[in-house]
Amino acid sequence: MPGTRYTLEVRPVVPERLKRMQELAEDLLYSWDREVRGLFFRLDRELWEGCGHNPKVFLRRVSQKRLNDAAEDRVFVEDYNRVLSGYDTYHQEHAESEIARYLDPDEDLVAYFCAEFGLHESFQIYSGGLGILAGDHCKAASDLNIPFVAVGMLYRQGYFTQTIDAHGNQVAHYNPTHFEDLPVRPARDAQGKEIHVHIDLPDRPVMLKVWQAKAGHITLYLLDSDLPDNAEADRRITFQLYGGDSNTRIQQEMVLGIGGVRALRAVGLKPTVWHINEGHAAFLIVERCREFVAQGLEFDSALELVAANIIFTTHTPVPAGHDIFDHATIAKYFGGKVDTLGINLEQLMALGSSPNNQGGFNMTALALRGSRFRNGVSRIHGGVASRMAAYIWPQIPPEENPVGHITNGVHVPTFLAREWANIFDMRFGSGWRNELLNDGFWKHIDDIPDHSYWSAHQSLKSEMLADVKRRVILQHRRNGTSEALIERYTQYLRPHDADVLTIGFARRFATYKRAALLFSDPQRLARLFNDPKRRVLLIFAGKAHPHDLPAQRLIQVIHEYTRRPEFEGKILLVEGYDLALARKLVTSVDVWLNTPEYPLEASGTSGEKAGINGVINLSVPDGWWGEGYNGENGWAITPHGPQYDSAYRDREEAQELLDILEKQVIPLYYARNGHGYSEEWVRKSKHSMKSLIPRFNSVRMVMEYVQNYYAPAKKQHLMMSGNNFARANEVAAWRKRLDQNWSGVSLRRADENRSELKASETYPLRVAARLNQLRAEDVLVECLVGLEAENGEFMRLDSHIFTSEGRNEAGETLFRLNLQPRLPGLQYYMIRMYPFHPALSHRFESGYMIWL
């Protein structure tokens, strides 16, 4: 139609009786409180869907009549008041006594930095798993009432929305966000002025506006460079999540790390614990060091002080996943700043050095060197991360270096389906929400009658099938697909006939996730999927990074399979993957499929979300499933590690996957035995739910951070900063002496080696050390005792520390140990020496060790 189309939004006036609807819309608590969201949904379901589940936009567009009618509707007003009562009660809760044992709510504050936060689909400042994990971390911190703030960036464009065209090409759509649509407001100082901070880029400052968002008990502070004071190029720094070239990336990471620290200072906050979630925010280490150098500390002392209360969590199991900037880029952006750190450019470069990236500045290396508490995000990934980071502590066995792990968990109130929450309320009372850490409590799931359990799941699946059908029809009509073909594509999407085995595969598309592994034997797969008595539906969804062409090719491959006659309607590829679609799928499919290359899955929380809803996992036991699988709660595909040829590995694992589907999954689902459901399937589904809810939820995860990292980091920093930073100065000087002298340190036996000993007899061990200007108290000599494992490696079972006994005539320091073995029979012992200082956060922090 010719002519200009103008926009006009007719906004209602919220009735006085419902005025706090606006307050609810401004608090991201709505992202995990479905009772709050339910109020908006009930007012106008169509509008709620049309505005992307955004309460703030909804209140601007809902009709005046609907609001007026609701204000006069006794039932709605009663529900509204009940929701408000729950909302107010939540905000009046104080920190759990368990939290207060570790963190003082009046003195302590955790500052959590991340490049993305995925709290809800209406707040598009996330791309995928890292952001969803960060959002769940924030939600659990709020539920536990931890003193906690989050720091990130407020993107004008965020990540892309996805469509898939008629040829299977992913099409990325970037839709600018209007901040007035988001639950954010400018942060203001005591005089009511907007808080702006700046970072220094080459030849110019860049101003940053600080926004804040309320999420239950916590606050997110988000940085925005789109200000009139900035040049046009600088206004675009925070425009797009993970957008632009390496210059844009380093500018974004300076905004996050340096600008984030300055934002918290400007707001008046003094964190006692700093948590870097992935390396994007690692420049906060440099900024905090600059602050202490400005107070008169030497850089090395400042680094010890800063690192003492920093936690660094890495999520990336492959070297290519880490941000690395070339030295010329670092020189360009930091060459004029090193004098404020009291060091030269070469020393700064050394903080980001890594052996696999000569000439590059590795943000993960900076985060590792600038923190004292580091972790991966599952047991397996912790091992991978410790090996990847071994160059930081080159003489320490990787399994003993300072990289630990805390396995990711998911936020149960967000991802547990409403139907299950209602059943739990009815059968267990509302107190089940306080039992998320109680393994024994969840055995009560067995008390839910099988038929009721099955019925609840089938109801969820019916809703999901209806939603997927709507999406598929829209997708194919836009692409010009004929109605006859659309009918065939949606043949299994019948909400009133949900008894079809439904398998879900939905996550970020990346080649290591091997989405196409199932298609290794198309003929066999077609046979399995075309049994009219045992119908199978496979639903794919997910985005590929716009620059990841191999991953986009995977989408095309899956699209091609959906168009094959033998798979029409049995394999579906659904576009527009986001949090809303993810919630639908993880709560309602029957089987959650995951086929990563072992050990490249850092955690993989989508399977956790599915499992807590009784969806049964079928996965390579990598990431979290390596801990979650117990033989009763799902199926595991035998992993083949990187030592195998990739083609052989894929062939073997694909064969086993199809075997599991043919011989276990499909027969079990359709084993009805005269019932309307499979009793054994329900039993396995219940095992999934009751074993995973208490172990893989974000409350457990955050409590582990509090106990194992936040509290020790707070304590470590207090020790380092006491008495005018005396300990920080002392440790920095001690480490400098180590670096200068360790290469000249040696150790030898000063006794006779014996190969046998009578029971109860003591074995006097003696060693002599040449310490090269170090003192006896600067080192520990340790004897490890153990057995030989099946693979021939030493298996440590016991350890003993030598005591020093002066020097010999050659100037060597002598150490002795009267070893009385506690093990019988054949055993082995090893002797090693390493630096020791009582103020170290980890005994192997120095990275030095000598073995005999």
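Located above this text is the structure these notes cover.
**Q** Go over the overall build of the chain with me, naming the residues and quoting the values.
**A** The helix and strand inventory of the chain stands at 28 helices and 28 strands. Relative to the 2.2 N^0.38 estimate, which gives 29 Å for 852 residues, the radius of gyration of the chain is 29 Å and therefore close to what a compact globule would have. The dimensions of the chain, computed from C-alpha atoms along their principal axes, are 95 × 70 × 50 Å. The long-range fraction of contacts in the chain, counting pairs at least 24 apart against all pairs at least 6 apart in sequence, stands at 72%. As displayed, the chain offers around 35,300 Å² of accessible surface, 49% of which is attributable to carbon and sulfur atoms. Between the averaged position of the 98 positive side-chain charges in the chain and that of its 108 negative side-chain charges there is a distance of 2 Å.

**Q** Break down the environment of Pro 317 for me, with residues and values.
**A** With respect to the helices, strands and loops of the structure, Pro 317 is situated in the loop between β10 (310–313) and β11 (324–326). Discounting chain neighbours no more than four positions away, the residues touching Pro 317 are His 381, Val 384, Met 388, Pro 599, Leu 600 and Ala 602.

**Q** If you had to explain the pairing of strand β2 (residues 148–153) to someone new, which residues and values would you point to?
**A** Across the six residues that make up β2, a large majority, six, are buried. Side chains Phe 148, Ala 150 and Gly 152 of β2 all project onto a buried face; the interleaved residues Val 149, Val 151 and Met 153 project onto the opposite face, where all are buried too. Where strand β1 (residues 110–113) lies against β2, four bridges are found, and the strand directions are parallel. What sits directly across from Val 110, in β2, is Phe 148. Considered for its hand, the β-α-β crossover made up of β1, helix α8 (residues 129–143) and β2 is right-handed.

**Q** Talk me through the side chain of Arg 372; I want residue IDs and the actual numbers.
**A** Position of Arg 372 among the secondary structure elements: in the loop between α15 (363–369) and β13 (373–376). If we ignore the near neighbours within four places in the chain, the residues touching Arg 372 are Glu 304, Ala 307, Ala 308, Ile 310, Arg 735, Ser 841 and Glu 845.

**Q** Outline the packing of helix α10 (residues 246–267) against helix α13 (residues 327–334), supporting the account with residue identities and numerical values.
**A** To characterise two packed helices, one gives the angle between the axes of the helices and the distance between these axes. In contact at an axis separation of 11 Å, α10 and α13 are set at 50° when each is read in the N-to-C sense. Between α10 and α13, the interaxial angle falls into the category oblique. Every pair of crossing elements has a handedness; the one defined by α10 and α13 is right-handed. Residues Asn 247, Ile 250, Gln 251, Met 254 and Ile 258 of α10 pack against Thr 329, Ile 330, Lys 332, Tyr 333 and Phe 334 of α13. In terms of residue class, the contact of α10 with α13 is made up of six nonpolar, three polar and one charged.

**Q** A description of the sheet that holds strand β21 (residues 746–749) should follow, citing residues and the corresponding values.
**A** The sheet built from four strands is open, its strands ordered β21-β22-β26-β25 with antiparallel pairing. Strands at the two margins of the open sheet, each flanked by one partner only, are β21 and β25 (803–807). Averaged over all adjacent pairs, the angle separating strand axes in this sheet is 30°, with direction ignored. In this structure, β25 lies alongside strand β26 (residues 813–819), joined through three bridges in antiparallel fashion. Pairing of Thr 803 across the sheet is with Arg 816, part of β26.

**Q** Break down the nonpolar core for me, citing the residues and quoting the values.
**A** Within the largest apolar cluster, 227 residues are counted, with the highest numbers of intra-cluster contacts made by Phe 283, Phe 424 and Tyr 710. Here this core gets 14 residues from one element, more than from any other, and that element is helix α28 (residues 698–741). Not counting chain neighbours up to four residues away, the residues in contact with Phe 283 comprise Ile 250, Glu 253, Met 254, Gly 257, Ile 258, Ile 330, Phe 334, Phe 361, Met 363 and Leu 366.

**Q** Residues and numbers for the sheet that holds strand β28 (residues 850–851), please.
**A** Spatially, β24-β23-β27-β28 is the arrangement adopted by the four strands of the open sheet, whose pairing is antiparallel. Edge strands, defined here as strands with exactly one partner in the open sheet, are β24 (794–801) and β28.

**Q** So what's going on with the pattern of salt bridges? Which residues, and what values?
**A** Applying the stated criterion across every chain yields a total of 77 salt bridges. Across the pair Glu 662 and Arg 524 runs a salt bridge whose closest N-O atoms are separated by 2.8 Å. Remark: Arg 524 occurs in helix α21 (residues 522–529) and Glu 662 occurs in helix α26 (residues 646–669); sequence separation between them is 138 residues. Judged by relative accessible area, Arg 524 falls into the buried class, the value being 10%. The partner of Glu 782 in a salt bridge is Arg 832, and the shortest N-O contact between them spans 3.0 Å. Separated by 50 residues along the polypeptide, Glu 782 in strand β23 (residues 779–788) and Arg 832 in strand β27 (residues 828–835) bring together distant segments of the chain. A relative accessible area of 0% places Arg 832 in the buried class. Members of the salt-bridge network, linked through shared partners, are Glu 9, Arg 11, Arg 60, Arg 61, Glu 180 and Asp 181.

**Q** Help me get a handle on the packing of aromatic side chains, residues and values and all.
**A** This structure, assessed with the given rule, holds 39 aromatic pairs. Ring centres of Phe 505 and Phe 540 lie 5.4 Å apart, and the angle between their planes is 50°; on these two criteria the pair is classed as tilted. Here Phe 540 lies in strand β16 (residues 536–541) and Phe 505 lies in strand β15 (residues 501–506), a separation of 35 residues in the sequence. Accessibility classification places Phe 505 together with Phe 540 in one group, the buried group. Look at Trp 624 and Phe 696: their rings are 5.1 Å apart centre to centre, the planes differ by 70°, and that puts the pair in the edge-to-face class. In this pair, Trp 624 sits in the loop between β19 (616–619) and α25 (625–628) while Phe 696 sits in the loop between α27 (679–692) and α28, placing the two residues 72 residues apart along the sequence.

**Q** I'd love a proper account of unusual backbone geometry, names of residues and values included.
**A** Between Tyr 598 and Pro 599 the backbone carries a cis peptide bond, its omega angle lying at 0°. Note on placement: Pro 599 falls in the loop between β18 (591–594) and α24 (606–611). Unusually for a residue other than glycine, Tyr 242 sits at a positive phi of about 55°. Along the chain, Tyr 242 falls in the loop between α9 (232–235) and α10.

**Q** Hey, could you go over α8 for me, with residue numbers and the actual values?
**A** With 15 residues, α8 should reach 21 Å at 1.5 Å per residue; the first-to-last C-alpha distance of 21 Å fits that figure. For α8, a buried count of 13 out of 15 residues is recorded, marking the element as mostly surrounded by other parts of the structure. A positive phi of about 55° marks Asn 145, the residue just after α8.

**Q** Account for helix α6 (residues 74–92), with residues named and values stated.
**A** Taking 1.5 Å of rise per residue, the 19 residues of α6 would be expected to cover 27 Å, and the 27 Å separating its terminal C-alpha atoms lies within 8% of that figure. Listed as buried for α6 are Phe 76, Val 77, Asp 79, Tyr 80, Val 83, Leu 84, Tyr 87 and Tyr 90. Along α6, the residues classed as buried sweep out an arc of 160° about the axis, all on the same side. Away from its buried face by more than 90 degrees, α6 exposes Arg 74 and Gln 92.

**Q** With reference to specific residues and values, describe the pairing of β15.
**A** For β15, the tally of buried residues reaches six of six residues, placing the bulk of the element in the interior. Of the strand pairs in this sheet, β15 and β16 are connected by six bridges, and their pairing is parallel. Looking at the pairing, Gly 504 lines up with Ile 539 of β16. Taking the sense of rotation as the criterion, the β-α-β connection linking β15, α21 and β16 turns out right-handed. When β15 meets β18, the two strands line up parallel, connected through two bridges. Within β18, the position partnered with Ile 503 by the bridge is Val 591.

Criteria and cut-off values
Residues numbered from 1 in each chain as written. Predicted model: local features only at pLDDT ≥ 70, side-chain atom pairs only at ≥ 80, totals over all residues. Heavy atoms only, no water. Helix = DSSP H or I, 4+ residues; strand = E, 2+ residues; numbered from the N terminus. Rg over C-alpha atoms; globule rule 2.2 N^0.38 Å. Contact = heavy atoms within 4.5 Å. Areas by Shrake-Rupley, 256 points an atom, 1.4 Å probe, with all protein chains shown as cover. Lys, Arg positive; Asp, Glu negative; His and termini not counted. Charge placed at Lys NZ, Arg CZ, Asp CG, Glu CD. Buried < 20%, exposed > 50% of the residue type's maximum accessible area, 1.4 Å probe, protein only. Pairing = 2+ DSSP bridges. Right-handed = clockwise from strand over helix to strand, strands pointing away. Axes fitted to C-alpha atoms, helices over the stretch in contact; angles between N-to-C directions. Parallel < 35°, antiparallel > 145°, perpendicular 65-115°, else oblique. Left-handed = near helix turned anticlockwise from the far one by under 90°. Nonpolar A, V, L, I, M, F, W, Y, C, P; charged D, E, K, R; others polar. Core = buried A, V, L, I, M, F, W, Y, C linked by side-chain atoms within 4.5 Å. Salt bridge = Lys/Arg side-chain N within 4 Å of Asp/Glu carboxyl O. Phe/Tyr/Trp six-rings, centres within 6.5 Å; stacked < 30°, edge-to-face > 60°. Expected span 1.5 Å × (residues − 1). Arc of directions from axis to C-beta.

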